[in-house]
Amino acid sequence: MGIQLIGLSHAKQKLQRSLSAKIASILAMSGNNNVPKGHVAVYVGETYQRRRFVIPISYLNHPLFQGLLNLAEEEFGFDHPMGCLTIPCTEDYFTALASILSGS
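Residues numbered from 1 in each chain as written. Predicted model: local features only at pLDDT ≥ 70, side-chain atom pairs only at ≥ 80, totals over all residues. Heavy atoms only, no water.

Colleague: In this structure, what is going on with the pairing of strand E1 (residues 39-44)? I would like to understand it.
Modeller: Within a regular strand, the side chains alternate between the two sheet faces. With 5 of 6 residues buried, E1 lies mostly within the body of the structure. The pairing of E1 with strand E2 (residues 51-56) spans 6 bridges and is antiparallel. What sits directly across from Val44, in E2, is Arg51. A loop of 6 residues connects E1 with E2, the two strands running antiparallel in sequence, and Gly45 in this loop sits at a positive phi of about 155 degrees. Two elements, E1 and strand E3 (residues 86-87), share 2 bridges in a ladder whose sense is parallel. Within the sheet, the bridge partner assigned to Val44 lies in E3 and is Ile87. (Buried < 20%, exposed > 50% of the residue type's maximum accessible area, 1.4 Å probe, protein only. Helix = DSSP H or I, 4+ residues; strand = E, 2+ residues; numbered from the N terminus. Pairing = 2+ DSSP bridges.)

Colleague: Sorry, what's going on with the packing of aromatic side chains here?
Modeller: Using the criterion set out here, one finds 2 aromatic pairs in the structure. Note on Phe53 and Phe94: the rings are 4.9 Å apart at their centroids and 50 degrees apart in plane angle, and the pair reads as tilted. With Phe53 in strand E2 and Phe94 in helix H3 (residues 91-103), this pair connects stretches of sequence that are 41 residues apart. For the pair Phe53 and Phe94, a shared accessibility class is recorded, and that class is buried. Their ring planes at 65 degrees and their centres at 6.1 Å tell us that Phe65 and Phe94 sit as a pair that is edge-to-face. Separated by 29 residues along the polypeptide, Phe65 in helix H2 (residues 63-76) and Phe94 in helix H3 bring together distant segments of the chain. When sorted by exposure, Phe65 lands in the same class as Phe94, which is buried. Members of the aromatic cluster, connected to one another through ring pairs, are Phe53, Phe65 and Phe94. (Phe/Tyr/Trp six-rings, centres within 6.5 Å; stacked < 30°, edge-to-face > 60°.)

Function cannot be read off these values alone, since they describe shape.
Next comes the structure, spelled out in C-alpha cells:
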C-alpha cells in the first residue's frame, strides 16, 4: 500500500511539471498575440469555428477551470494542431464559468 501511494505521488508530480511546462509554453506563445500581461489566450468551441478569449492566469488554478483543462487534455493531448490552448466546451458554458470565476 505504501509503495502504491509513493508511485501515485510521483505520478502526480510528473503531471504537474508537464502541465506547468505546457502552460509556460502557451503563455510564451500568447505574448505574441497582444495578450495583456497576466492573461492567456484560449480558444473555446466544440467545432472547427472556435472563439478566442483572453482570461487572467489566475483562472488556471481554479478547480472548475482545472476540470476544463483535463477535458482539453483528454480530447487533444498536449500537441494540438492549432498550437494553442483549446477548450472543448460550448461558448455559453465557458462564458458562464468565466462569469463565476470573475466574481470569486
